[in-house]
2 protein chains.
Amino acid sequence: MKFICTKNEFSEAIGNVSKAVSSKSPIPALEGIKLSLKGNILELTGYDLELGIKTQLNVKAERDGEYVVNARLLSEITRKMPSDEICIDINEKMNVNITCGYTEYNISALAADEYPELPAFDREKSVSVSQNILKNMINQTIYAVSSNDNKPILTGELFDIDESGSFSMVALDGFRLAVRNEKINCTEKYSLVVPSKALAETARLLKDDDSRCEFYTNGKHIIFDISGYLVFSRLLDGEFHNYKASIPTDFNTEIIIKTKELMEALDRCTLLISEKNKSPIRCEFADGQLSISCQTPVGKISDEMSVDINGNPVTIGFNNRFAIEALKAADTDKVRLQMNGSNRPIKILPMMGDSFTYLLMPVTLRS
Amino acid sequence: MKFICTKNEFSEAIGNVSKAVSSKSPIPALEGIKLSLKGNILELTGYDLELGIKTQLNVKAERDGEYVVNARLLSEITRKMPSDEICIDINEKMNVNITCGYTEYNISALAADEYPELPAFDREKSVSVSQNILKNMINQTIYAVSSNDNKPILTGELFDIDESGSFSMVALDGFRLAVRNEKINCTEKYSLVVPSKALAETARLLKDDDSRCEFYTNGKHIIFDISGYLVFSRLLDGEFHNYKASIPTDFNTEIIIKTKELMEALDRCTLLISEKNKSPIRCEFADGQLSISCQTPVGKISDEMSVDINGNPVTIGFNNRFAIEALKAADTDKVRLQMNGSNRPIKILPMMGDSFTYLLMPVTLRS
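The shown structure was predicted, so the numbers you read here are calculated from the model rather than taken from an experiment.

K.L.:
Is there a simple way to explain the overall build of chain A in this structure?
P.N.:
When helices and strands are tallied, chain A shows seven helices and 27 strands. With respect to the three principal axes, the spread of C-alpha positions in chain A is 75 × 50 × 35 Å. Looking at chain A as a whole, 51% of its 367 residues qualify as buried. Within chain A, residue pairs in contact and separated by at least 24 positions form 67% of the contacts whose partners lie at least 6 positions apart. Surface summary for chain A: the accessible area is close to 17,200 Å², and the carbon and sulfur share equals 46%.

K.L.:
Looking at this structure, I do not really get the interface of chain A and chain B. What am I missing?
P.N.:
As a measure of interface size, the accessible area lost when the parts come together is often cited. Facing 24 residues of chain A, the contacting portion of chain B comprises 24 residues. Scanning the region where chain A abuts chain B turns up two salt bridges. Salt-bridge contacts for B:Asp267 lead to A:Lys80; the nearest nitrogen and oxygen are separated by 2.8 Å. Between chain A and chain B we count 14 residue pairs in polar contact (both at pLDDT 80 or more) in total. Where the side of chain A that touches chain B is concerned, the elements lending two or more residues are α2 (71-79), β9 (103-108), α6 (259-270) and β22 (299-306) of chain A. With six residues, β22(A) is the largest single contributor of residues to the side of chain A that touches chain B. For the side of chain A that touches chain B, the class distribution of residues is twelve nonpolar, four polar and eight charged. Alignment of β22(A) against strand β9 (residues 103-108) of chain B, held across four bridges, turns out to be antiparallel.

K.L.:
What exactly am I supposed to notice about empty space enclosed by the protein here?
P.N.:
Sizing a probe to match a water molecule and rolling it over the atoms shows the empty space that remains. Under the definition given, this model contains two cavities of 30 Å³ or more. Estimates place the volume of the largest cavity at around 90 Å³. Of all the secondary-structure elements, those providing two or more residues to the lining of the largest cavity are α6, α7 (320-330), β25 (334-339) and β26 (346-350) of chain A. Counted by class, the lining of the largest cavity contains eleven nonpolar, no polar and no charged residues. Considering only enclosed or pocket space, the second largest cavity measures out at about 50 Å³ in volume. In this structure, the second largest cavity is lined by B:Leu262, B:Leu266, B:Phe318, B:Ala323, B:Leu327, B:Leu337, B:Ile346, B:Ile348 and B:Leu360. Breaking the lining of the second largest cavity down by element, the ones donating at least two residues are α6 (259-270), α7 (320-330) and β26 (346-350) of chain B. Grouping the constituent residues of the lining of the second largest cavity by class yields nine nonpolar, no polar and no charged.

K.L.:
In this structure, what is going on with the pattern of salt bridges? I would like to understand it.
P.N.:
Opposite charge on two side chains makes pairing possible when the charged atoms of those side chains draw close. A full pass over the atoms with the stated rule returns 46 salt bridges over all chains. Across the pair B:Glu284 and B:Arg282 runs a salt bridge, and its minimum N-O distance is 3.9 Å. Looking at B:Arg282, the relative accessible area reads 26%, which means it is partly exposed. Counted as one network, the salt bridges with shared partners bring together A:Asp173, A:Arg176, A:Arg321 and A:Glu325.

K.L.:
Where do I start with the sheet that holds strand β15 (residues 190-195) of chain A in this structure?
P.N.:
Strand pairing in a sheet is mediated by backbone hydrogen bonds. Such pairs are either parallel or antiparallel. Residue and element names in this part refer to chain A. The strand order β15-β12-β13-β14-β27-β26-β25-β19-β23 describes an open sheet built from nine strands, whose pairing is antiparallel. Strand pairing shows two members of the sheet lacking a second neighbour, β15 and β23 (308-311), which therefore form its edges. Across the sheet, the axes of successive neighbouring strands diverge by a mean angle of 20 degrees, strand direction being ignored. Taken together, the four bridges between strand β19 (residues 253-258) and β23 define a ladder with antiparallel strand orientation. Bridge pairing in β23 places Glu-254 opposite Asn-310. Lying over the sheet, α7 contacts β14 (176-183), β25, β26 and β27 (356-360), oriented at roughly 175 degrees with respect to β27.

K.L.:
What am I meant to see in the side chain of B:Thr103 here?
P.N.:
Within the element layout of this structure, B:Thr103 appears in strand β9. Taking relative accessible area as the criterion, B:Thr103 reaches 1% and is therefore assigned buried. There is a polar contact of 2.9 Å between the side chain of B:Thr103 and the side chain of A:Asp303. Setting aside anything within four residues of it in sequence, one finds B:Thr103 in contact with A:Arg268, A:Ile301, A:Ser302, A:Asp303, B:Met81, B:Pro82 and B:Ile98.

K.L.:
Please clarify how the sheet that holds strand β19 (residues 253-258) of chain B should be interpreted in this entry.
P.N.:
Residue and element names in this part refer to chain B. The sheet built from nine strands is open, its strands ordered β15-β12-β13-β14-β27-β26-β25-β19-β23 with antiparallel pairing. What marks the edges here is a single partner per strand, and that holds for β15 (190-195) and β23 (308-311). With strand direction ignored, the average angle separating the axes of adjacent strands in the sheet is 20 degrees. Where strand β12 (residues 156-161) meets β15, six bridges bridge the pair, whose relative direction is antiparallel. Bridging across to β15, Phe-159 finds its partner in Leu-192. Contacting β12 and β15, helix α4 (residues 196-205) runs over the sheet at an angle of about 85 degrees to β15.

K.L.:
Where do I start with the domain arrangement of chain A in this structure?
P.N.:
Residue and element names in this part refer to chain A. Its domain assignment divides chain A into domain 1 (2-114), domain 2 (128-221 + 234-240) and domain 3 (247-360). With centres defined by C-alpha atoms, the gap from domain 2 to domain 3 works out at 26 Å. Buried area between domain 2 and domain 3, both sides added, is near 1,100 Å², and the carbon and sulfur share of it is 50%. On the domain 2 side of the interface with domain 3, the three residues burying the most area are Gln-140, Tyr-143 and Arg-176, jointly 48% of the side's total. On the surface where domain 2 and domain 3 come into contact, there are one salt bridge. With its nearest N and O atoms 2.7 Å apart, the salt bridge here joins Glu-325 to Arg-176. Linking domain 2 with domain 3 are eight residue pairs in polar contact (both at pLDDT 80 or more).

K.L.:
When you look at the pairing of strand β12 (residues 156-161) of chain A in this model, what are you seeing that I'm missing?
P.N.:
Regular strands place side chains that alternate from one sheet face to the opposite one. Residue and element names in this part refer to chain A. Of all six residues in β12, six are buried; the element is thus mostly enclosed. Here β12 pairs with strand β13 (residues 166-172) via four bridges, running antiparallel. Across the sheet, residue Leu-158 finds its bridge partner in β13, namely Val-170. Where β12 folds back onto β13 in an antiparallel hairpin, the turn is made up of four residues, including Gly-165, whose phi is positive at roughly 85 degrees.

K.L.:
What is the right way to look at the packing of aromatic side chains in this model?
P.N.:
To describe a pair of aromatic rings, one takes the distance between the centres and the angle between the planes. All names here are of chain A. On inspection of all chains with the given rule, the structure shows 20 aromatic pairs over all chains. Residues Phe-3 and Phe-10 carry aromatic rings whose centres are separated by 5.9 Å and whose planes lie at 70 degrees to one another, so their mutual orientation is edge-to-face. In this structure Phe-3 comes out as buried when scored by relative accessible area, which is 0%. When its relative accessible area of 0% is taken as the criterion, Phe-10 is described as buried.

K.L.:
Got a minute to help me understand the relation of the copies chain A and chain B in this structure?
P.N.:
Superposition of the two copies of the chain requires a rotation about an axis and a shift along the axis. Between chain A and chain B, which share one sequence, the superposing operator has a rotation angle of 180 degrees and an axial displacement of 0.0 Å; the RMSD is 0.0 Å. Both copies of the chain, as the preceding transformation shows, are related through a two-fold rotation axis. Rotation axis and chain A: the residue whose C-alpha lies nearest the axis is A:Ser23, separated from it by 16 Å.

K.L.:
Even after reading the chapter, I still don't get the environment of B:Lys189, so can you show me in this structure?
P.N.:
Residue and element names in this part refer to chain B. Residue position: Lys-189 is located in the loop between β14 (176-183) and β15. The exposure class of Lys-189 is exposed, given its relative accessible area of 54%. Excluding anything up to four places from it in sequence, Lys-189 contacts Ile-161, Asp-162 and Glu-163.

K.L.:
How should I be thinking about the side chain of B:Gln131 in this particular structure?
P.N.:
Residues and elements named next belong to chain B. Along the polypeptide, Gln-131 turns up in helix α3 (residues 131-139). A distance of 3.1 Å separates the side chain of Gln-131 from the side chain of Ser-227, its partner in a polar contact. Ignoring anything within four residues of it in the chain, the contact list for Gln-131 reads Leu-205, Leu-206, Lys-207, Asp-209, Ser-211, Arg-212, Cys-213, Ile-226 and Ser-227.

Rules used in this analysis
- Residues numbered from 1 in each chain as written.
- Chains lettered and ligands numbered in written order.
- Predicted model: local features only at pLDDT ≥ 70, side-chain atom pairs only at ≥ 80, totals over all residues.
- Heavy atoms only, no water.
- Helix = DSSP H or I, 4+ residues; strand = E, 2+ residues; numbered from the N terminus.
- Buried < 20%, exposed > 50% of the residue type's maximum accessible area, 1.4 Å probe, protein only.
- Contact = heavy atoms within 4.5 Å.
- Areas by Shrake-Rupley, 256 points an atom, 1.4 Å probe, with all protein chains shown as cover.
- Salt bridge = Lys/Arg side-chain N within 4 Å of Asp/Glu carboxyl O.
- Polar contact = N/O pair within 3.5 Å; in protein donor to acceptor, adjacent residues only side chain to side chain.
- Nonpolar A, V, L, I, M, F, W, Y, C, P; charged D, E, K, R; others polar.
- Pairing = 2+ DSSP bridges.
- 1 Å grid on protein atoms, 1.4 Å probe; cavity = no way out; pocket = protein on both sides within 12 Å on 5 of 7 lines; lining within 4 Å.
- Points joined across faces, edges and corners; volume = space filled by probe spheres on them.
- Axes fitted to C-alpha atoms, helices over the stretch in contact; angles between N-to-C directions.
- Domains from an automatic or database assignment.
- Buried area = accessible area lost by both parts, 1.4 Å probe.
- Phe/Tyr/Trp six-rings, centres within 6.5 Å; stacked < 30°, edge-to-face > 60°.
- Least-squares fit on C-alpha atoms with pLDDT ≥ 70 in both.

Printed below as a string of structure tokens:
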């Protein structure tokens, strides 16, 4: 294969498909990007057997072909080239010749038949969402995905879509839960669990505008089609937790609080907490006031802020990191906290509506 | 002790003296900052027994005293405080109370008598230099300091000052040498070897303008007095290498070359080189042309650029990292390279004069 391309376009495409390339694998082909040239279309593929990313570039082509080239090396070589026009020539002896101005690299390729096939797809039925909405749905829930492999199903997020076009994205790890809802134009029911790595890479590729993206599924895999990029992922097998039953529908106390102010106070508590010196954050909501305190062998802290309280006063304890991550994902100036005493989960909602619902398990306070 | 200070001033002072605090020490006091309050002057000291940094702040004082507080904790608490006015109150029971707005921390102090004494100094005879010049002298030579403890004297830089006011700062590690010269107003001879860590911290505190700084020595230690900060360091014992004898005074080939262009070409070679796959860079200077090449098991690269050559053509090999570090420190658009064949050191000079002189040992090329 032989083609000429522009440095920036090629570099961007390599950078994006590289996210699906294994950085270390006993199979050298999995550390590579597959380059397939047919006519003027160069297709680039990265695939680590779980996640695949594919894109195409228009290039000045001279000779078709299909080879695998080490992703890290190809990316760094391209990035450091001295000018904009790069010529890549790979011959049957697997010699890769990359030139740009007076600079000439010679490295080795691998045969394309050593590269795994991406899953096959029927692309008839798709779900269509605005890119900015899908990006926001992922970014507002992914923090609550389990990082623990004990329950593999919880290392992904549930896509819970019904015929009325209600789309909920759900993440939970046993200590907290995040649900993000949107209305979409969909007349079919879907229940898929997508690994969080695929979602993180999808969010990275999604734009902040309302251009559309589609996703397709064959029941075992999903493809996201995002303006020029295809992200393939296997789905997670198994029954997702019945999340709806966990979400309380009533409350005894409702609090309205400034998100940033609370986050900064929790952040200050975090200074005293470490793996060795764990301690819950103690929050007393009473008389229009939140009193926060925390004590570890390092020292103690107390803090106060004004809040709007409706209902019973409550004293509750929680994990600092979990609370900070939820408030950060909320991404709104104020949040509503709904509680049912000190032993039941805290529910975090936006000021209006329920575009997101976060739950946080309380931690028992000593004394 | 009890005082009120402004968050930003206190935070900056803590950040700077912290650079001399051990991050991990079996002696807890060495992980702390000594705070000494007399009248309205708060003195902050960090000292790891090799390097000390001391500064003073004007504060609103209520009660004198002297205590040691953990540096990391004090720094993080200060940085995360909600508003600008911070009150610190340390009592005889070693309770540290830090308040700011509604936020209140309680941590523990250590007694000041557990803190080591900084070296005593006669501060009569000083050497005076512009801050920007001293900063530049350090930054242009420190790359060549040895990081190997086999010869401790080479982990510092020689300050070689004579009665005529010639000041040379010298670093060498057996593979390369860096000398930086300035004329200063000095009528005494000094020969000191200052540890590179003290120089790095000194350079960080030095301003980019021509305000003065002074340094004093008692033969065993040095103090740099830099607009409000005192940096104390022990000096290194032993005989520094006779560097002047190593610098060739003649050459057979002189080359003028664009620094950035050469650096980028070497950087491209570096992609193929690793700890596992070492190889020298091969440079052929001939016919107004530099041909660079490098080959490792990863692949090979060749590159070309136009250069001005005076004298004999030469083919020479060198270590990529050492060459890149020297060119980076040179910090001039073009450099002169002087050579005496392929087995003798390369001398790197600025286009005009000899404000810096870098030597690079060649590496023998196979074939």
